[in-house]
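Chain and residue survey
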Amino acid sequence: MTIITRRTALVGASGLLLAGCEKITTSPTVRKVLTLGEKATLSGQRLVTDRNALAPEFTRADISPKFRMNGNRLPGSPEYQAHMASNFADWRLEIGGKVARPFSLTLAQLKAAPQRTQITRHDCVEGWSAIGEWTGVPLGLLLRQAQVSPSAQYIVFHCADDFSGKPYYESIDMIDALHPQTILAHTMNRQPLPVGHGAPIRLRVERALGYKQAKYVMKIEAVETLAGLYGGGGGYWEDHSGYQWFAGI
Amino acid sequence: MDAATASVTLQESATTVETRPLVYRTRLPVRIWHWTNALTIFVMLMSGATIFNAHPRLYWGKYGATFETPWLEIGRQGQQGFLRLGSLQFDTTGFLGLTEHSTRAFPPLVTIPNYYSLAEGRQWHFFFAWVLVVSIAGFVIYALFSRHLSHDLALTREERKLSHLWHDIKEHAHLRFPTGEAAKAYNPLQKIAYLSVIFVLIPLVVLTGMTMSPTLNAAFPWLLDIFGGRQSARSIHFLCATGFLAFIFIHLLMVLLAGPFNELRSIITGWYRLPAERRPKP
């Protein structure tokens, strides 16, 4: 004899409900429709935001006492470990792809270039925020020097860190790449950028969420399309966790 | 035919509620908006729960991360789920923080998707955010031009009097709802509840949501000043969600108490059967 208790009935009913929900959330058609929202957000935000509109900047009094780290904290590759051991003396940043004049720079050369310092807020996609002071070279300056091709649509950042052997990378469009606050930061809170925060340099693209702020940047590449690059999503999290490529919200 | 006349003539002979006339009470655009909005609010609450699960702590101010003290936190300690509000801690094992099937703040039964995926939760949230904004804008424009706002939703001069409102509160507390002709219109507390959702809760939840967007911070930095920083905006956003939950709870309770069949018919088809006048007590 079977006795259906209220509890088993409830568990059974919620089980059915969950199965139904899962059918909807995993449906390829539904997922495709939902990406329309992402496209609308990108177009809408670009429409109302001037391409040079600055992210809010703060005062030193606003700086978070402790700045939480996001992503990897210590790249494991022997190559990176060697750079770390030599204090990045032999490290060089490569700039290439769709540019007329590819070149590379040492950390000292980067620090000798014109600098920008900004106190900005870092917003993790998870919801937390931390405020820090960053100093670095405007990316636009380097791209102009490399004479980036007019056909280039995105700038890709290849990084030294990886998740289970899958390399970290990120990409931004030319609007964000040429934005005055987009810098390659080598200094954080007036100290050399710590390894946990992306030494020797990390990207600061201040109108985007934390996962766009690529750490341990080794190579910058101008490309026409993101297709064919790694998983084609334009970033590690985009490829492996389905994060939205546009990280403005 | 005038529904009012019909109701009066029928009242004389009628002994049961069922023979009372049906009146057309809820127009089609209002019904469409109601159901679009109902679906949207549920998706927003449930996908919002997924997003909250990524960092189930709320702060006040410009910044806030694991090192700062949250004013609200949902989590677990060993085999105990808890909700901490300031210095108060509530055991929520089985509901929040720790359930049979999950160690997340909100269990899968109330999240979209029904497994933890921040990316998918965000995808649902930001798609339906557009639905919310477009539908509320459409509804408000309709309500203005159709006079739904001025005729049905706005409080009359009489209803705005404190004595009147106090009387309505007492009637609600005794579960005495308007009957007969009076039931054709929304009552004052009902109007205040609906107006609060349309003109306070929804605009506030949209604006605090926009305040959390780093790109929109560049476009509208004043939003940060209004809400006192991004983390404050996030907290207010969550409080709005709690407000929606409270509204839904009371709204559904009122539907049940007022007669779920009649109320549902009215919000689906527009037709409503006026409840019989209460017989005066002997």
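Residues numbered from 1 in each chain as written. Chains lettered and ligands numbered in written order. Predicted model: local features only at pLDDT ≥ 70, side-chain atom pairs only at ≥ 80, totals over all residues. Heavy atoms only, no water.

Per an unreviewed UniProt entry, chain B goes by Cytochrome b/b6 domain-containing protein and derives from Novosphingobium jiangmenense. In its Subcellular location (unreviewed entry) section, the UniProt entry covering chain B states "Cell membrane". (UniProt positions renumbered as here; feature names shortened; annotations may be inferred.)

The name that an unreviewed UniProt entry assigns to chain A is Molybdopterin-binding protein, with the source organism given as Novosphingobium jiangmenense.

1. Points about the overall build of chain A
A count of helical and extended segments in chain A gives 7 helices and 10 strands. In terms of overall dimensions, chain A has a C-alpha envelope of 80 × 40 × 40 Å along the principal axes. A burial count over chain A gives 51% of its 249 residues as buried. The averaged location of the 21 negative side-chain charges in chain A is 4 Å from the averaged location of its 27 positive side-chain charges. (Helix = DSSP H or I, 4+ residues; strand = E, 2+ residues; numbered from the N terminus. Buried < 20%, exposed > 50% of the residue type's maximum accessible area, 1.4 Å probe, protein only. Lys, Arg positive; Asp, Glu negative; His and termini not counted. Charge placed at Lys NZ, Arg CZ, Asp CG, Glu CD.)

2. Observations regarding the sheet that holds strand S2 (residues 57-58) of chain B
Residues and elements named next belong to chain B. Read across the open sheet, the 4 strands follow the order S2-S3-S4-S5; overall the sheet is antiparallel. The open sheet is flanked by S2 and strand S5 (88-91), the only strands paired with a single partner. Pairing of strand S4 (residues 80-85) with S5 involves 4 bridges; the strand directions are antiparallel. Within the sheet, the bridge partner assigned to Leu 83 lies in S5 and is Phe 90. (Pairing = 2+ DSSP bridges.)

3. Comments concerning the domain arrangement of chain A
For chain A, the domain assignment lists domain 1 (6-43) and domain 2 (55-241). Look at where the C-alpha atoms of domain 1 of chain A and domain 2 of chain A centre, and you get two points 35 Å apart. (Domains from an automatic or database assignment.)

4. Overview of the pairing of S4(B)
Each regular strand shows side chains that alternate between the opposite faces of the sheet. Residues and elements named next belong to chain B. Summarising the sheet, strand S3 (residues 72-77) and S4 pair through 6 bridges and their orientation is antiparallel. The partner of Glu 73 across the bridge, within S4, is Arg 84. Linking two consecutive strands that pair antiparallel, namely S3 and S4, is a turn of 2 residues; a positive phi of about 60° is found at Gly 78 within it. In this structure, the hairpin formed by S4 and S5 is closed by a connection of 2 residues, where Gly 86 is found at a positive phi of approximately 60°.

5. With respect to the interface of chain B and chain A
Of the residues lining the interface, 38 residues belong to chain B; the matching set on chain A comes to 55 residues. Surface buried jointly by chain B and chain A totals about 3,900 Å² across both partners, of which 61% is contributed by carbon and sulfur atoms. Between chain B and chain A we count 3 salt bridges in total. In this structure, B:Glu120 engages A:Arg31 in a salt bridge whose closest nitrogen and oxygen atoms are separated by 3.1 Å. Where chain B meets chain A, there are 21 residue pairs in polar contact (both at pLDDT 80 or more). Looking at the side of chain B that touches chain A, the elements with two or more residues in it are helix H2 (28-54), helix H3 (118-145), helix H7 (214-219) and helix H9 (230-258) of chain B. Considering each element in turn, the side of chain B that touches chain A owes the most residues, 9 residues, to H3(B). (Contact = heavy atoms within 4.5 Å. Buried area = accessible area lost by both parts, 1.4 Å probe. Salt bridge = Lys/Arg side-chain N within 4 Å of Asp/Glu carboxyl O. Polar contact = N/O pair within 3.5 Å; in protein donor to acceptor, adjacent residues only side chain to side chain.)

6. Details of the UniProt feature "domain: Oxidoreductase molybdopterin-binding" (unreviewed entry) in chain A
The positions UniProt marks with the feature "domain: Oxidoreductase molybdopterin-binding" (unreviewed entry) are residues 87-224 of chain A. Taken as a whole, residues 87-224 of chain A contains 12% helix and 46% strand, while its terminal C-alpha atoms sit 34 Å from one another.

7. A closer look at the environment of B:Gln231
Residue and element names in this part refer to chain B. For Gln 231, the location among the structural elements is in helix H9. Judged by relative accessible area, Gln 231 falls into the buried class, the value being 0%. Taking the C-alpha atoms as reference points, Gln 231 and Ile 250, separated by 19 residues in sequence, lie 29 Å from one another.

8. Let's talk about the UniProt feature "domain: Cytochrome b561 bacterial/Ni-hydrogenase" (unreviewed entry) in chain B
UniProt records the feature "domain: Cytochrome b561 bacterial/Ni-hydrogenase" (unreviewed entry) at residues 26-270 of chain B, using the numbering of this structure. Here residues 26-270 of chain B runs as 60% helix and 7% strand, with 4 Å between its end C-alpha atoms.

9. Here's the deal with the UniProt feature "transmembrane region" (unreviewed entry) in chain B
All names here are of chain B. Here the UniProt-annotated "transmembrane region" (unreviewed entry) positions come out as residues 32-52, 124-145, 192-216 and 236-258. Taken as a whole, residues 32-52 contains 100% helix and 0% strand, while its terminal C-alpha atoms sit 30 Å from one another. As a span, residues 236-258 carries 100% helix and 0% strand, and end to end its C-alpha atoms are 32 Å apart.

10. Considering the packing of H3(B) against helix H6 (residues 188-211) of chain B
All names here are of chain B. Two elements in contact, H3 and H6, have axes separated by 11 Å at closest approach and are oriented at 150°. If you check the angle between H3 and H6, you find them roughly antiparallel. Judged by the sense of rotation from one axis to the other, the crossing of H3 with H6 is left-handed. When H3 is examined against H6, the residues Leu 132, Val 133, Ile 136, Phe 139 and Val 140 are found in contact with a partner set consisting of Ile 198, Phe 199, Ile 202, Val 205 and Val 206. (Axes fitted to C-alpha atoms, helices over the stretch in contact; angles between N-to-C directions. Parallel < 35°, antiparallel > 145°, perpendicular 65-115°, else oblique. Left-handed = near helix turned anticlockwise from the far one by under 90°.)

11. Digging into helix H5 (residues 162-173) of chain B
At 3.6 residues per turn, the α-helix brings residues three or four places apart onto the same side. Residues and elements named next belong to chain B. Counted at 1.5 Å a residue, the expected span for H5 with its 12 residues is 16 Å, and the 16 Å between its end C-alpha atoms agrees. Of the positions making up H5, those classed as buried are Leu 165, Asp 168, Glu 171 and His 172. Down the axis of H5, the buried side of the element spans an arc of 120°, and every buried residue falls inside it. Turned more than 90 degrees away from the buried face of H5, the exposed residues are Leu 162, Ser 163, Trp 166 and Ala 173. Tucked into the core, H5 has its buried residues touching H6 and H9. Where H5 terminates, the next one or two residues include Leu 175, which has phi positive at roughly 55°. (Expected span 1.5 Å × (residues − 1). Arc of directions from axis to C-beta.)

12. Observations regarding the side chain of B:Thr92
Position of B:Thr92 among the secondary structure elements: in the loop between S5 and H3. In this structure the side chain of B:Thr92 is engaged in a polar contact, spanning 3.2 Å, whose partner is the backbone nitrogen of B:Phe82.

13. Some words on the nonpolar core
Grouped together as the largest cluster of nonpolar side chains are 58 residues, with contacts concentrated most on A:Leu93, A:Leu139, A:Leu142, A:Ile155, A:Phe157, A:Leu184 and A:Ile220. The greatest single-element share of this core, amounting to 5 residues, is contributed by strand S5 (residues 154-163) of chain A. The residues touching A:Leu93, leaving out its near neighbours within four places in the chain, are A:Phe103, A:Ser104, A:Leu105, A:Leu110, A:Leu142, A:Leu184, A:Ile201, A:Val217, A:Met218, A:Lys219 and A:Ile220. Listed in part, the 25 residues of the second largest apolar core include B:Leu153, B:Tyr194, B:Leu223 and B:Ala233. (Core = buried A, V, L, I, M, F, W, Y, C linked by side-chain atoms within 4.5 Å.)

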